[in-house]
Amino acid sequence: MLKFIFGRPASGKTYNVLQNIKRLSEDGKTALLIVPEQFSFESERAVLKELGDKAALGTGVTTFTRLCDDVGRQVGGIAGITLSGADKVIFMNRALSSLEGELRLWSKYCRSVYFAKTILDTIGEFKINAVTPEDLRKAADTAASDTLRFKLTDTALIYETFDALVGEQFVDPADNLTKLYEKLGEYRYFSGKTVFFDSFKGFTGQQMKIIERVMSQADDIVFSFTNDPSLDKEYNVYTNVRKLIERIRRSAEKYNIKEDMPLVLGAGTYISEDIKALERMMAGAEYTSPETCGDITVCAGATMFDEAEYTARKIRQLVREKGYRYRDFVIIARDAQQYEEGIRSACEQNGIPCFSDKREPLSAFPGAAAVTAALEAAVNLSSENILSFHKTGLGTLGFEELSKLENYVYLWNINGELWQKEWDMDPKGFIYSEKENSINQDELDTLNALRRNAVKPLLSFRENCRGTAADMAAAAVTLLEDCGAAEKLGALSERFKNENEQFRSDILKQSYDKFMHILDSLARCFGSRNITKREFAQALELAVSLDSVGVIPRMLDEVTFGSADRIRPSRPRVAFIIGANQGVFPKEQFSDGIFALRERREIIEAGIDIPDNQISSVIDENYLVYCNLCCPSDKLFITYSASGLSGEEKAPSAFVEEIIQNLHCKRISEPSRCLTADNLPETAEAAYSEYCRRFNQDAAGALTLRNVLEKRSEYTGKLIDNFTYKSDNDSISPETAEKLFGSKIM
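The model shown is predicted, which means the values in this text are computed figures rather than measured ones.

(A) Fine view of the side chain of Arg 600. Its location among the elements puts Arg 600 in helix H22 (residues 597-605). Arg 600 has contacts with Glu 125, Phe 595, Ile 610, Pro 611, Asp 612 and Asn 613, leaving out every residue within four places of it along the chain.

(B) Quick look at the sheet that holds strand S11 (residues 354-356). The strand order across the open sheet formed by 7 strands is S11-S14-S10-S15-S16-S9-S17, and the pairing between neighbours is parallel. Each of the sheet's edge strands pairs with one partner strand only, and the pair in question is S11 and strand S17 (665-670). For this sheet the average axis-to-axis angle between neighbouring strands, irrespective of direction, equals 20 degrees. Pairing of strand S10 (residues 329-333) with strand S15 (residues 574-578) involves 5 bridges; the strand directions are parallel. Looking at the pairing, Phe 329 lines up with Val 574 of S15.

(C) View of the environment of Gly 28. With respect to the helices and strands, Gly 28 occurs in the loop between helix H1 (13-26) and strand S2 (30-34). Residues Gly 28 and Arg 137, 109 residues apart in the sequence, show an inter-C-alpha distance of 50 Å.

(D) Structural view of the packing of aromatic side chains. Evaluation of the coordinates by the stated rule reveals 30 aromatic pairs. Aromatic rings pair up to connect Phe 4, Phe 6, Phe 64, Phe 197, Phe 200, Phe 203, Phe 223 and Phe 225 into one cluster. Against the face of Tyr 189 rests Lys 193, its NZ or CZ located 4.7 Å from the ring centre. Directly above the ring of Trp 423 sits Arg 451, whose terminal nitrogen or CZ lies 5.7 Å from the centroid.

(E) Quick peek at the packing of helix H3 (residues 64-75) against helix H8 (residues 176-183). Packing of H3 against H8 leaves a shortest axis separation of 10 Å and a crossing angle of 50 degrees. What the angle tells us is that H3 and H8 run oblique. Crossing geometry of H3 relative to H8 is assigned as left-handed. Contacts between H3 and H8 involve Phe 64, Leu 67, Cys 68, Val 71, Gly 72 and Val 75 from the first element and Asn 176, Leu 177, Leu 180 and Lys 183 from the second.

(F) Spotlight on unusual backbone geometry. Cis geometry is adopted by the peptide bond preceding Pro 586, which originates at Phe 585 and carries an omega value of 5 degrees. Within the secondary structure layout, Pro 586 lies in the loop between S15 and H22. Residue Pro 671 follows Glu 670 across a cis peptide bond; omega there is 0 degrees. Looking at the secondary structure, you find Pro 671 in the loop between S17 and helix H25 (684-694). Of note in the backbone geometry, Asn 256 takes a positive phi value of approximately 55 degrees without being a glycine. When you line up the elements, Asn 256 lands in the loop between helix H10 (239-254) and strand S8 (263-264).

(G) Looking closely at the sheet that holds strand S6 (residues 193-197). Ordered by their spatial adjacency, 6 strands build an open sheet running S3-S2-S6-S7-S1-S8, and the pairing between neighbours is parallel. The open sheet is flanked by strand S3 (60-62) and S8, the only strands paired with a single partner. Two strands pair when backbone bridges link them, and S2 and S3 are joined in this way by 3 bridges, in the parallel orientation. Looking across to S3, one finds that Leu 33 is bridged to Val 61. Contacts between helix H9 (residues 205-217) and the sheet are confined to S6 and strand S7 (220-226), with S7 contributing the most and set at about 140 degrees to the helix.

(H) Region of the structure containing the pairing of strand S14 (residues 559-563). Within S14, 4 of the 5 residues are buried, which leaves it mostly tucked inside the rest of the structure. Two elements, S10 and S14, share 4 bridges in a ladder whose sense is parallel. Looking across to S14, one finds that Ala 333 is bridged to Ser 563.

What counts, and where the lines are drawn
Residues numbered from 1 in each chain as written. Predicted model: local features only at pLDDT ≥ 70, side-chain atom pairs only at ≥ 80, totals over all residues. Heavy atoms only, no water. Helix = DSSP H or I, 4+ residues; strand = E, 2+ residues; numbered from the N terminus. Contact = heavy atoms within 4.5 Å. Pairing = 2+ DSSP bridges. Axes fitted to C-alpha atoms, helices over the stretch in contact; angles between N-to-C directions. Phe/Tyr/Trp six-rings, centres within 6.5 Å; stacked < 30°, edge-to-face > 60°. Lys NZ or Arg CZ within 6 Å of the ring centre and 35° of its normal. Parallel < 35°, antiparallel > 145°, perpendicular 65-115°, else oblique. Left-handed = near helix turned anticlockwise from the far one by under 90°. Buried < 20%, exposed > 50% of the residue type's maximum accessible area, 1.4 Å probe, protein only.

The values are spatial; any link to function lies outside them.
And the structure:
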């Protein structure tokens, strides 16, 4: 039996699913809940809370990825080395190199690592939508233009060659669901189970094939979707969901599965009537505008950093005045990376614990940076590459030694092979003095000793870095061992711990382990053939750029910050939607792949089931806006930037103006001209920052802050008496300069 559960946000869809699972558990029946990858933790916690310990043990909560592992462990077929994103690019590069003379359109790009990544993304899209090379060739036969025909045939050939290279020894994660579909043809994993799908807004072609296997085996199958059948306009936020529902019904018909009457839940449960009206407005339903809208606020920040400051200050204020916990708040941006620095800084300044799902790129860590610089030095022994290696902190020079060496190198413009010759130039440079007309030989000897110490490990690495990728990876490990990298990283990790930077300490340890794994991967992917240093350097640079390091939340009570398409807030009480600017949220859609929008439409018309990347993507973005705006129960804050960091004007998104116009919510500006009770700083650090900003703009506000700060000993000497400054002399005396900057400037 097929059953649908429909409801708008906060209507109780997940709760209803859990109650159904609970009843099945009480009757001794088996239930399986399948959710998106990023929702698994919240779903497991919800099952445990609703069902209790004993019943939860008998209820499976899984994802499509876990299904591949579970079935693979029972029937086999999962042995092999799983390819990372970087491994796949290397294999694709090898595939392209082998096809250089056979491709009709792209032969000139066969040596480009970046083209390899682009075509890999395209083939990855075909794989997740269950499109085979043969499907592409059939579509090419009906193509209207030679260009599209050649694109499709070239892509099919590259697709096949890549899969042949990967072979049986390696596992491409993009093929896992296809292999699962084949295994489920004989292994009835879902027999005797009622299977629930919750929190999905769409399925790929591969996932739909798995759903068909579920239909053919399970006792019942239940889907819950955010949808209101009564709002049946051709285009609204539910359009893509309705198309998905019809697709599921067509699949059910293939297996003669009857459909039960859909369960349509009522309106969402909101504490705030304002947010309830907002949800109905965004869904296209009838709504009543509130007379006064106190639970929705729009803030126009001067820049994104002002948005962040307003957000952090407001959170602290609500916690202090209204009794909220930090875990009651969620901060959502369309692209969290753009706001990462601003939110992190504002939260630290306001004393707010905040967890971000940001992952740090591996290329930013010392181990990866050191070997990358060493490889560049092996190809080109330039001063920049040599100094970059030692600046990672894993080289053989200390900070003072490196500074002294760098000053001399740039003074005499030393480069290349000069690093391997004795230096005899005066450390003082081109000067002549009757009192000092001789070179300080002791200083010169010290510099030459530093030079030898600086180039010795790099020259040894250059000599050893040849042959296969495995040989070069071994040379990289030897370089790090000779420089004592493990001990230096350990000391740095301990320093972070002592400074209460456990987050940095954890990711530092992870980064070294991941980098060693990448070196192993490169050795496996290139195999036994000899490669050049440049090839290895490019592959390593790409590999570390594609990998990243992250950590799990460290505290129970902290604000959650993340991207709109990744975050799954657990029914927050208060939400901050930041970066609500035109073209940012909703995100503007571009066609940046191998196939243009017109070509994609023609491919779809030829029977290839892929997204059109135009209308459906726009609807998905609007759906994302709708779900995130309607996630809080109590209060909603929407912020946008009036200008960019370079001064260009920016406009708010259309939905911002629509909310202000129809719901009559207030709009405020940040920063405000005057200091008021509503925008008072929440911490001493924030107060000092605000004091400095208002010093020449708002004398009264600055004076108010000064009167508070002067009572704190840590700000003694940091506060200025006069609120206007004017000087007829722009220069400073040598004595003042020495006091400000010291007598020795590196």
